[in-house]
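What follows is the residue order along each chain.
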Amino acid sequence: IWQNVLDYVRQNINDVEYHTWFEKIRPLGVHGGVLELGVPTSFAGEWIKKHYAELIQEALTRLGAQTPRFELKVVPGNPVQEDIFSAPVQAPAPDPRSRLNPKYTFENFVVGQNNRLAHAAAMAVAESPGKAYNPLFIYGGVGLGKTHLMHAVGHSVAARFPSLRIEYVSTETFTNELINAIREDRMTEFRERYRSVDLLLVDDIQFVAGKERTQEEFFHTFNALYEAHKQIILSSDRPPKDILTLEARLRSRFEWGLITDIQPPELETRIAILKMNSEYRSMRIPEEVLEYIARQVTSNIRELEGALMRVIAYASLNGVEITKNVAARALSDVFTARETDFSPDDILRAVADHYGLRTDELKGAGRRKEVVIPRQIAMFLIRELTQSSLPEIGQFFDGRDHTTVLYAIQKVQELADSDPSIQQTLRSIKERLG
Ligand code: ADP
Ligand code: MG
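Let us look at the structure shown here. Because the structure is predicted, anything quoted here is derived from the model rather than measured. (Residues numbered from 1 in each chain as written. Chains lettered and ligands numbered in written order. Predicted model: local features only at pLDDT ≥ 70, side-chain atom pairs only at ≥ 80, totals over all residues. Heavy atoms only, no water.)

With respect to the sheet that holds strand 8 (residues 258–262)
Counted only if it meets this: By definition, two strands form a pair when at least two bridges between them are found by DSSP. A run of H or I in DSSP counts as a helix once it spans at least four residues, and a run of E counts as a strand once it spans at least two, with each numbered from the N terminus. Simply put, an axis is a line fit to the C-alpha atoms, just over the touching stretch for a helix, and the angle between two N-to-C directions goes from 0 to 180 degrees. Whether two residues touch is decided by their heavy atoms; if any such pair falls within 4.5 Å, the residues are in contact.
Judged by pairing direction, the sheet is parallel, and its five strands sit side by side in the order 5-6-7-4-8 without closing on themselves. Whereas interior strands pair on both sides, the edge strands pair on one side only; in this sheet they are strand 5 (166–170) and strand 8. Between one strand axis and the next, the sheet turns through 15° on average, direction left out of account. Most of the contacts of helix 6 (residues 171–183) go to strand 5, to which it runs at about 90°, and overall it touches strand 5 and strand 6 (199–203).

This is the structure we're talking about:
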């Protein structure tokens with residue numbers, strides 16, 4: 001539970017505050033529905049109560065506590081001579097291995113039909129880096145285990161070949177570091193750093209699309225490593241051929257080695273993942289509860305794990321056993337919350353506002369080009385953001401047929417895939433919705 005609270009807190013305050021106040025809190029357990037937390041000094045306790053009580057309660061409510069309560073206890077414990085103000089303001093030392101998440105190992109990776117090939121390829125690369133497949137390109141949807149698999153190779157190589165240098169970097173970080181290096185005139189250092197590694201893991205490479213300078217720099221990094229027989233692993237949410245505005249020379253390099261995908265997991269794999277996860281947290285949860293959760297969340301493992309954590313937190317905060325009914329209750333607001341977030345009317349209005357049209361024009365029969373695409377976009381967004389079925393959406397648009405809706409959705413998807421301005425439009429309409 002505490003880890004989940006921390007995750008939430010972390011998203012809402014800055015790093016310095018987080019290091020100063022939250023890293024030293026020790027969860028002591030849940031007693032009578034109250035979460036007990038140990039703090040190093042009474043001063044820290046007061047401060048946290050005064051400034052962060054609401055945030056912590058908010059986090060607990062999100063985890064399903066009906067009455068979010070926590071208590072702070074002073075537990076001097078480990079040497080707290082450390083001044084609570086001397087929190088590290090700087091990022092931790094750049095030990096590349098520290099960029100690897102300790103949970104993301106091969107042992108903790110459940111192999112199913114959906115990821116069998118990607119897993120096998122990753123194992124092969126971990127056994128003989130630079131020799132099996134180079135580069136290894138793993139692609140698949142959000143939350144399906146690409147990052148996990150990359151880190152697993154990192155851990156495994158680190159254990160087998162302690163002398164090898166391993167660097168994990170997200171494409172975003174790579175880009176930011178590059179920009180800083182250019183600005184601060186440290187390009188030599190930057191190049192040195194990335195060209196002297198033995199295993200380079202680059203996550204979410206699709207984000208290089210459209211970034212010419214990053215592509216240029218990455219191209220040279222790639223060549224330097226490749227020629228030196230150093231291993232490169234790339235991940236992406238789509239295959240190289242679908243990364244638009246990727247320079248041809250990079251695309252062809254990405255295709256030199258092995259391209260492998262990860263698909264959404266089948267039910268059995270989802271259950272196995274939940275089981276492993278609960279064991280990892282030393283929790284015993286009835287099989288039927290795991291199955292229930294696995295049936296609710298089908299396409300994203302991160303959300304699947306989130307649902308499990310929510311059930312655990314809900315049961316513990318409300319002092320009840322974990323049963324199927326409790327799981328249903330714990331998850332009910334997650335799924336209904338999503339449903340009630342936006343109504344078709346809200347979305348229709350946002351689209352109308354965006355295009356300067358009236359809502360009745362969008363709903364009506366007009367075939368003018370100026371209304372047809374906005375109408376299709378509205379259908380697309382209603383499908384994406386509400387639980388409405390195709391026939392319901394058709395009904396909403398003055399009784400159109402569901403095949404019209406389906407066609408509209410496919411059309412917008414195609415447009416969005418090929419035209420960044422449509423993606424931008426979709427984003428700004430969503431921003432309007434807040
Ligand atoms: P991606 O990078 O594809 O968006 P992640 O690697 O971040 O996804 O995975 C999301 C979460 O799901 C992580 O907590 C990860 O540990 C977990 N996960 C993904 N695939 C598996 C798997 N096959 N077995 C166990 N956990 C998995
Ligand atoms: Mg990832």
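Read on for the rest.
With respect to the pattern of salt bridges
Spelled out, the test is: Any Lys or Arg side-chain nitrogen located within 4 Å of an Asp or Glu carboxyl oxygen qualifies as a salt bridge. Each residue is placed in one exposure class: buried if its accessible area under a 1.4 Å probe, protein chains only, is under 20% of its type's maximum, exposed if it is over 50%, and partly exposed if it falls in between.
Tallying each qualifying case throughout the model produces 23 salt bridges. Linking arginine 186 and glutamate 184 is a salt bridge whose minimum nitrogen-to-oxygen distance equals 2.7 Å. The exposure class assigned to arginine 186 is partly exposed, which follows from its relative accessible area of 29%. When the shortest N-O distance is used, the salt bridge between arginine 249 and glutamate 247 registers 2.5 Å.

A few points about the environment of methionine 187
Here methionine 187 lies in helix 7 (residues 187–195). Taking the C-alpha atoms as reference points, methionine 187 and glutamate 177, separated by ten residues in sequence, lie 9.7 Å from one another.

Structural notes on the pairing of strand 3 (residues 69–74)
Every regular strand shows the same layout, with side chains that alternate between the two sheet faces. Quick reminder of the rule: Handedness of a crossover: with both strands directed away from the viewer, a clockwise path from the first strand across the helix to the second marks it as right-handed.
For strand 2 (residues 34–39) and strand 3, the ladder comprises six bridges, and the chain directions are parallel. Among the inter-strand pairings, glycine 38 is bridged to a residue of strand 3, identified as lysine 73. Note that the unit made of strand 2, helix 3 (residues 42–62) and strand 3 has a crossover that is right-handed.

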